[in-house]
Amino acid sequence: MSNWIEIGAVEEIPKLGSRVVETAKGDIAVFRAADDHVFALRDSCPHKQGPLSQGIVHGHTVTCPLHNWKIDLASGEAQEPDEGCTGKYETKVEAGVVYLAL
Amino acid sequence: MKEKLVLVGNGMAGVRTIEELLKIAPDMYDITVFGAEPYGNYNRILLSPVLAGDKTIDDIMLNTLDWYEENNIKLHVGKTVVDVDRKGRKVIADDGTEETYDRLLLATGSNPFIIPVPGHGLPGVIGFRDIKDVDTMLGTAKTKTHAVVIGGGLLGLEAANGLKIQGMDVTVVHLTDTLMERQMDDVSGRMLQQSLEEKGLQFLMATQTEAILGDDCVKAVRFKDGLEISADIVVMAAGIRPNIELAEKIGLHCERGIVVNDTMQTFDPKIYSVGECVQHRGETYGLVAPLFEQGKVCANHLAKFGIGRYEGSVTSTKLKVTGIDLFSAGDFTGDDTTEDIIMKDVANGVYKKVVLKDNKIHGAVMYGDTVDGAWYFQMLRDGTDVSDIRDHLMFGQAHLGDAGHGGENAASAMSDDMEVCGCNGVCKGDIVNAITDKGLFTLEEVKAHTKAAASCGSCTGLVEQILASTVGDYSDTPKKKAMCGCTEHTHDEVRHAIKHNELTSIPAVHEFLEWKTPDGCASCRPALNFYVLAAWPNESVDDPQSRFINERVHANIQKDGTYSVVPRMWGGVTTPNELRAIADAAEKFDAKMVKVTGGQRIDLFGIKKEDLPEIWSDLNKAGMVSGHAYGKSLRTVKTCVGEEWCRFGTQDSTGLGIKIEEMTWGSQTPHKFKIAVSGCPRNCAEATIKDFGVVCVDSGYELHVGGNGGIHVKATDLLARVATEEEAMEYCGAFMQIYREEAHYLERTAPWIERVGLSYVKEKVVEDEVGRKVLNQRFLDSQDVFKFDPWAREVADAETRKVYIPIKKIG
Ligand code: SRM
Ligand SMILES: Cc1cc2nc3c(=O)[nH]c(=O)nc-3n(C[C@H](O)[C@H](O)[C@H](O)COP(=O)(O)OP(=O)(O)OC[C@H]3O[C@@H](n4cnc5c(N)ncnc54)[C@H](O)[C@@H]3O)c2cc1C
Ligand code: SF4
Ligand code: FES
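What exactly am I supposed to notice about the overall build of chain B here?
Each helix and strand in chain B was counted, giving 26 helices and 39 strands. A buried classification covers 55% of the 811 residues belonging to chain B. Summarising the internal contacts of chain B: among those between residues at least 6 apart in sequence, 63% fall at separations of at least 24.

Just to check I follow, could you spell out the packing of aromatic side chains for this structure?
Ring pairs (aromatic) are described by centroid distance and by the angle formed between their planes. All names here are of chain B. Applying the stated rule across the entire model yields 15 aromatic pairs over all chains. Both rings, one in tryptophan 375 and one in tyrosine 376, keep their centres 5.5 Å apart while their planes meet at 35°; by these two values the pair is tilted. On the accessibility criterion, tyrosine 376 (1% relative accessible area) is buried. Three or more aromatic residues link up through ring pairs in this structure, and these residues are Phe673, Phe692, Phe735, Tyr739 and Trp752. Over the aromatic face of phenylalanine 648 sits the side chain of arginine 682, whose NZ or CZ is 3.5 Å from the ring centroid. Over the ring of phenylalanine 788 we find arginine 793, and its NZ or CZ is 3.6 Å from the ring centre.

Before we go on, may I ask you to explain the environment of B:Gly666 in this structure?
Residue and element names in this part refer to chain B. Position of glycine 666 among the secondary structure elements: in the loop between α20 (653–664) and β35 (673–678). On the basis of relative accessibility, which here comes to 4%, the residue glycine 666 falls in the buried class. Taking the C-alpha atoms as reference points, glycine 666 and glycine 627, 39 residues apart in sequence, are found 8.6 Å from one another. Setting aside its immediate chain neighbours within four residues, glycine 666 contacts His628, Ser633, Gln783 and Phe786.

Whenever I open this one, the pairing of strand β33 (residues 602–607) of chain B confuses me. Can you help?
Within a regular strand, side chains alternate between the sheet's two faces. All names here are of chain B. When you tally the buried positions in β33, you get six out of six residues, the bulk of the element. In this sheet, β33 lies alongside strand β31 (residues 563–565) in antiparallel orientation, the contact comprising two bridges. Considered in β33, the bridge of tyrosine 563 is made with isoleucine 607. For strand β32 (residues 593–596) and β33, the ladder comprises four bridges, and the chain directions are antiparallel. Across the sheet, valine 596 pairs through a bridge with isoleucine 602, a residue of β33.

Help me understand the interface of chain A and chain B in this model?
How big an interface is tends to be expressed through the accessible area that disappears when the partners come together. Each side of the interface is counted separately: chain A has 31 residues, and chain B has 30 residues. Across the chain A/chain B interface, buried area totals approximately 2,600 Å², and carbon plus sulfur atoms make up 58% of it. Scanning the region where chain A abuts chain B turns up one salt bridge. The interface formed by chain A and chain B holds 12 residue pairs in polar contact (both at pLDDT 80 or more) in total.

Can you walk me through the pattern of salt bridges in this structure?
Opposite charge on two side chains lets them pair, provided their charged atoms get close. Residues and elements named next belong to chain B. Applying the stated criterion to the full structure yields 44 salt bridges over all chains. A salt bridge links arginine 547 to aspartate 542; its shortest N-O distance comes to 3.0 Å. One salt bridge in this structure joins glutamate 686 and lysine 638, with 2.7 Å as the shortest N-O distance. Pair noted here: glutamate 686 is in the loop between β35 and β36 (692–697) and lysine 638 is in strand β34 (residues 634–639), with a separation of 48 residues, a long-range link.

Even after reading the chapter, I still don't get the sheet that holds β31(B), so can you show me in this structure?
Hydrogen bonds between backbone groups are what pair the strands of a sheet, and the pairing can be parallel or antiparallel. Residues and elements named next belong to chain B. Spatially, the four strands line up as an open sheet ordered β30-β31-β33-β32, and their pairing is antiparallel. At either end of the open sheet lies a strand with only one pairing partner, and these are β30 (556–557) and β32. When β30 meets β31, the two strands line up antiparallel, connected through two bridges. Looking across to β31, one finds that asparagine 556 is bridged to serine 564. Against the sheet, helix α19 (residues 612–621) touches β31 and β33, its axis set at about 5° to β31.

How should I be thinking about unusual backbone geometry in this particular structure?
A:Glu80 connects to A:Pro81 through a cis peptide bond whose omega is 0°. Mapping A:Pro81 onto the fold places it in the loop between β7 (70–72) and β8 (88–89). One non-glycine residue with positive phi stands out, namely A:Leu16, at about 60°. Mapped onto the secondary structure, A:Leu16 falls in the loop between β1 (4–9) and β2 (17–22). The phi torsion at B:Asp358 lies on the positive side, around 50°, for a residue other than glycine. With respect to the secondary-structure elements, B:Asp358 resides in the loop between β26 (350–357) and β27 (360–367).

Could you clarify how one ought to interpret the side chain of B:Asp691 in this entry?
Residue and element names in this part refer to chain B. Mapped onto the elements, aspartate 691 comes out in the loop between β35 and β36. Since its relative accessible area comes to 0%, aspartate 691 is described here as buried. A polar contact of 2.7 Å, which involves the side chain of aspartate 691, links it to the backbone nitrogen of lysine 674. For aspartate 691, the contacting residues outside a window of four places in its chain are Lys672, Phe673, Lys674, His704, Val705, Gly706, Gly707, Phe735, Arg748 and Thr749.

How each quantity is defined
In this numbering scheme, every chain counts its residues from 1 along its sequence in written order. The order in which chains are written sets their letters, starting at A; the order in which ligands are written sets their numbers, starting at 1. Predicted model: local features are reported for residues with pLDDT of at least 70 only, side-chain atom pairs are reported and counted for 80 or more only, and whole-chain, interface and lining totals are derived from all residues. Side-chain numbers here rest on the full set of heavy atoms in the structure, without hydrogens or water. Strands are runs of DSSP state E lasting at least 2 residues, helices are runs of H or I lasting at least 4, and numbering of each runs from the N terminus. Burial classes: relative accessible area under 20% of the type maximum marks a residue as buried, over 50% as exposed, and values in between as partly exposed (1.4 Å probe, protein chains only). Should any heavy atoms of two residues lie within 4.5 Å, those residues are counted as being in contact. Note on aromatic pairs: the rings of Phe, Tyr and Trp (six-membered ring only in Trp) are paired at centre separations within 6.5 Å, and the planes decide the class, stacked below 30 degrees, edge-to-face beyond 60, tilted for the rest. Charge over a ring is defined by NZ of Lys or CZ of Arg lying within 6 Å of the ring centre and within 35 degrees of the ring normal. Strand pairing follows a simple DSSP-based rule, namely that at least 2 bridges must link the two strands. Two parts placed together each lose some accessible area under a 1.4 Å probe, and the buried area is that loss summed for both. Between Lys or Arg on one side and Asp or Glu on the other, a salt bridge is scored when a side-chain nitrogen of the former is within 4 Å of a carboxyl oxygen of the latter. Polar contacts here mean pairs of N or O atoms no more than 3.5 Å apart (in protein, one a potential hydrogen donor and the other a potential acceptor; neighbouring residues in sequence count only if both atoms are side-chain atoms). Axis angles are defined between N-to-C directions and span 0 to 180 degrees, where every axis is a line fitted to C-alpha atoms and, for a helix, only to the segment in contact.

In structure tokens:
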């Protein structure tokens, strides 16, 4: 059973940017793509735990700020040739408000 | 219904085109491939190492049958296409198989030229072209002894070397008296022959074959001068002929090859052609690098993107015989209009000749020491003016202070477990395995797969050497180097378009230049943001989301996700008050370390992102601003104490340093920019390894540019000597402005000056007084926009401050 938690207005996340949700189990990075799709990943790169929330977003991908791995926002998977995966969370946007399934 | 694409010829050029097509338009066509050979696609180049016993057939497969299946490609192996019905749009194979097409791609390669002397049809007379030929040679070598290779070109010598290693007695017969005369001059050709003789090969030079003798198989070869030698196998390596049999039969216009235009289209617009079978602008090619360029252009047109033209290639040559290093490119013979620079040390087996025309490299041939082949070749293709480096051109790139090329053939001397890339911990063995297992061809591919040379880049030269020694010559760097995968355009083209078409935002650039990806990528977006700002400081708006995190949050990210904070200390001078504020901030925000940097100021480490605005606010209150330690911007102006205190000081170096820092701080530059001012030639501020360095002397100021103390240490070049501080500052502004306007993003001043030449910079900044003043004025004008404290701005703006804190805290 997913439990939808209200995060805030879409507008509060910069386009092609990200905001962090702090939780007891670690940070979650919530991304907003140019097309207003919202994604959420564990804020920890599969490579060396870089904070993905601080990376550059392009398309539905984020480039990690530490060593430039490219992580798919929808699946959390690293793009070839790198290998690895970070946890993903379901998101939905209703009436301009972002919800996260925890 | 998808359109149908049929490829005839399952070789290197054709399949590469399909790979390029799948990358950009994976679902556009139903693809069918016909190959006359009974295998998947293999790396023909590596037949030489297979013959020499260094590799097996399995090692050289590029695309196995599984690959075709995974990509939904229908493959007909072992079927030769014998006809095409151009009206009914279908191809017909020798076994009767038929396939219809909407687009047809011919990549039939070429055939070895078999000299039509009597006896040329005897069993045992072969070319050196495919797996079958190699099998024949290996089989013969097991039981027989005498081999004759006709033709002392690249292919002939590689065949001869392989047969010799397999234990045969090999005689190479060559028509002229210089081996590889199309690639070598007399001197290097003779040196080559001598080394091959030392390996045990025999040569009959200036000799013409008259007949091949034998009844049911070869027995001997007879020459025009009457000499006869025994032979169990004869390898004809006298050249290749484009395979245009099918094209001619179906009425396509052919000359020496199938004639195509710049988009790789034949005279029938439904039919494209690439590879050795093609004739483009009168040229045919026999090396893979140009064929891959053709493939890329062809794929682009098949995908209906319609950009990219093939404009012909300059090629270079290497011989894949272990222990022999030779390289040649361009026109190395020269004529009345050219000059030669030659370095010859026959005893040490080294010979280099570079042919110059109007101070540009026109051709090069090297024997023995070929480390710099790729470098000369790059300059040849770029048309680089070498006047400034002419006096040390022959000593190579290592001599210019560019590391990674050091040591003659360093790569082949390395063992597999030696580290090549210090940043990513990649060993030679990892690179070699990736190249062979994944079938990599270019530096870019090796970077992507192994991460070698993908970080600081200082091992690039070494990686290129490994690539060359593992796969033969693969330097397929296109003449035009696109900014990144998101566009076909080069940095210079993009900068030009931004300036001349008044493009003042990243989306405007994307639209005007038809970017291939919607938002670009982490590599082009920061570059475009800078280019737009640099060209239109007043009209454009900075885009924080297109900046690397450090520049976005005005601090340096650490490996644990915290940040470091460096306030500016003008000219390295501080006060008790500032120090007190720094100490207070360090305690209040729990800095994990306080460190004096290499740039004469203090760094506070381990600050949490959400605390940044507050620590800035505290530092601001004590009168301090951001040190831009994170920026592609002026970093610091390092100074020494100078005349005010030092017994040797000639001028007020500290004071001038502070003035320069006050003028240049906050500036946007292509890469970071460092300045120093030393009070006398003892140079305690290390001004001669800075981007702009001032060394004070009794009569005034020496101005130095293009130094670098980082990855490749490089001392500055002297730009000019001036008498006053005002002049020193004017030169500084003008120099920074021309660098800002013309260098590529992430190109420090040292490589930029190496690329454009010091003379060019002097012409603009020193010789042209009016031009200098105009540049300096443009610099000062844009400083009106750029010179602000980003910390204070962020602190003041409640909206942006929010970005530093979590959007929500749960639990
Ligand atoms: C803090 C400092 C080291 C120190 O503890 O002293 C430093 C720290 C970093 N340097 Fe440096 N460099 C520091 C002085 C230098 C110097 C010495 C100097 O400036 O006199 C050099 C050689 C001189 C030069 O640049 O020509 C230097 C050459 C580099 C390079 C190589 C640049 C090159 O062109 O080869 C890099 C990599 C890059 O910029 O791409 C680099 C990159 C870095 C980065 C920013 C790495 C990164 O991208 O995150 C480091 C940030 C560390 C951090 O966690 O904050 N750092 N770095 C120094 C800050 C100076 C300042 O006050 O601003
Ligand atoms: C031993 C050797 C060493 C080499 N070394 C180097 C090197 O170091 N560097 C370098 O750059 N280049 C080298 N080359 C050259 C390079 O291999 C060729 O330039 C390249 O393979 C040409 O590609 P292609 O696709 O045009 O032709 P190919 O790779 O020959 O492919 C053509 C394919 O089409 C098939 N075919 C032809 N007609 C038909 C038909 N009617 N129906 C079906 N199939 C058909 C052929 O059987 C063949 O498989 C070397 C070549 C050889 C033989
Ligand atoms: S501070 Fe500079 S030299 Fe030291 S580890 Fe970081 S980048 Fe390397
Ligand atoms: S931690 Fe993300 S790329 Fe290294």
